[in-house]
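Examination of the molecular architecture
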Amino acid sequence: VLFRSQAWPDDTTAFDWPAQADWLPELRQHALGRFREYGLPSRQVERWKYTRLDGLDQRMPIATNLATGSVDQPAPLAEAATRVVISDGGQPVVEGDPCDGVQLRALEQALSGGGDGLRELLEGLDISGSASAMVALNTASLRHGLVLRVGTDVDAGDMLVQWVSSKAGSGTLANARICLILEA
């Protein structure tokens, strides 16, 4: 068991997933199998040589259902017409209106229907080898994040994505993924 503080189940059906596209359970299960096969990357893996993950498997539970606490949002370092705030890895909150031809959608909502291009994007991720272990783990527990779709010949303008954490979210590994789909 890689995450000893929370016995990682043998399959992803043990989690309380919301409605999801019919292809998603198989993708999650495959990714979990890859993560179990390769485990966390060591410092001998070139892409991870400066990152210490020692002991992460003993003390870092995975957050799959996130209850966010109150968050003091620091002022952003930059200004943008559209701002997306992701608190404790949970559902994104969009402030402002994106440009015409730009669609923002919560990943959880997009996963319930599959979305044009989303399945292909997620199934095309490299989750082989220990260098990609965190991509595999993120895919196995895929739920929260943002799908950003930009239409053909559209200038998306400035957009700020801000991650914030509450004290309630500290000590857990909460992932949120941004899926960028650029239409040709």
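Heads up: these notes are all about the structure in this document. (Residues numbered from 1 in each chain as written. Predicted model: local features only at pLDDT ≥ 70, side-chain atom pairs only at ≥ 80, totals over all residues. Heavy atoms only, no water.)

Quick look at the overall build of the protein chain
Defined as follows: Numbering goes from the N terminus for both helices and strands, where a helix is a DSSP run of H or I of at least four residues and a strand is a run of E of at least two. Burial here depends on accessible area, computed with a 1.4 Å probe over protein chains only, as a share of the maximum for the residue type. Under 20% is buried, over 50% is exposed, and the range in between is partly exposed. Each accessible area is a Shrake-Rupley result for a 1.4 Å probe, and residues are judged covered by the shown protein chains and nothing else.
Of regular secondary structure, the protein chain possesses five helices and six strands. The order of helices and strands in the protein chain, counted from the N terminus, is α-α-β-β-β-α-α-α-β-β-β. Out of the 184 residues in the protein chain, the part that is buried amounts to 41%. Surface summary for the protein chain: the accessible area is close to 10200 Å², and the carbon and sulfur share equals 48%.

Some thoughts on the environment of Ala184
Here Ala184 lies in the segment after strand 6 (177–182). Along the primary structure Ala184 and Thr152 are separated by 32 residues, whereas in three dimensions their C-alpha atoms are 5.4 Å apart.

Brief notes about the sheet that holds strand 3 (residues 102–106)
Convention followed: Strand pairing is assigned whenever DSSP detects at least two bridges linking the two strands. Think of each axis as a best-fit line through the C-alpha atoms, taken over the contacting stretch in the case of a helix, with angles from 0 to 180 degrees between the N-to-C directions.
Strand order in the open sheet made by the three strands is 3-4-6, with mixed pairing throughout. Every other strand in the sheet has two partners, leaving strand 3 and strand 6 as the edge strands with one partner each. Along the sheet, successive strands turn relative to each other by an average axial angle of 15 degrees, direction set aside. Both strand 3 and strand 4 (residues 145–150) contribute to a ladder of five bridges, which runs antiparallel.

Topic: helix 1 (residues 24–38)
Using the following cut-off: Multiplying 1.5 Å by the residue count of a helix minus one yields the expected span of that helix. The arc in question is traced by the directions running from the helix axis to the C-beta atoms.
Along its 15 residues, helix 1 runs 21 Å from first to last C-alpha, staying within 8% of the 21 Å computed at 1.5 Å per residue. Where helix 1 is concerned, the buried positions are Leu24, Leu27, Arg28, Ala31, Leu32 and Phe35. Down the axis of helix 1, the sector holding all buried residues measures 135 degrees, keeping them to one side. Facing away from the buried side of helix 1, by more than 90 degrees, are the exposed residues Glu26 and Glu37.

Digging into unusual backbone geometry
Even without glycine at this site, Asp153 takes up a positive phi of about 55 degrees. By the secondary structure assignment, Asp153 is in the loop between strand 4 and strand 5 (159–164).

Digging into the nonpolar core
The line we're drawing: We define the nonpolar core as a collection of buried residues of types Ala, Val, Leu, Ile, Met, Phe, Trp, Tyr and Cys that are connected through side-chain atoms lying within 4.5 Å of one another. Residue contacts follow a heavy-atom distance rule, with two residues in contact if any of their heavy atoms lie within 4.5 Å.
Within the largest apolar cluster, 13 residues are counted, with the highest numbers of intra-cluster contacts made by Trp23, Leu107, Leu111, Leu118, Leu122 and Val147. When residues of this core are assigned to their parent elements, the largest contribution, three residues, is made by helix 3 (residues 107–113). Setting aside residues no more than four positions away along its own chain, Leu118 makes contact with Leu107, Ala110, Leu111, Val147, Cys179 and Ile181. Residues Phe35, Ala133, Leu137 and Ala140 belong to the second largest nonpolar core, which totals nine residues.

Overview of the pattern of salt bridges
The criterion, for reference: Salt bridges are defined as contacts in which a side-chain nitrogen from Lys or Arg sits within 4 Å of a carboxyl oxygen from Asp or Glu.
On inspection of all chains with the given rule, the structure shows six salt bridges. One salt bridge connects Arg34 with Glu37, and the closest N-O pair in it is separated by 3.7 Å. Within this pair, Arg34 and its partner Glu37 are both found in helix 1, separated by three residues, close to a single helical turn. Residue Glu95 is joined to Arg83 by a salt bridge in which the shortest nitrogen-to-oxygen separation is 3.4 Å.

All quantities given are derived from atomic positions and should not be read as evidence of function.
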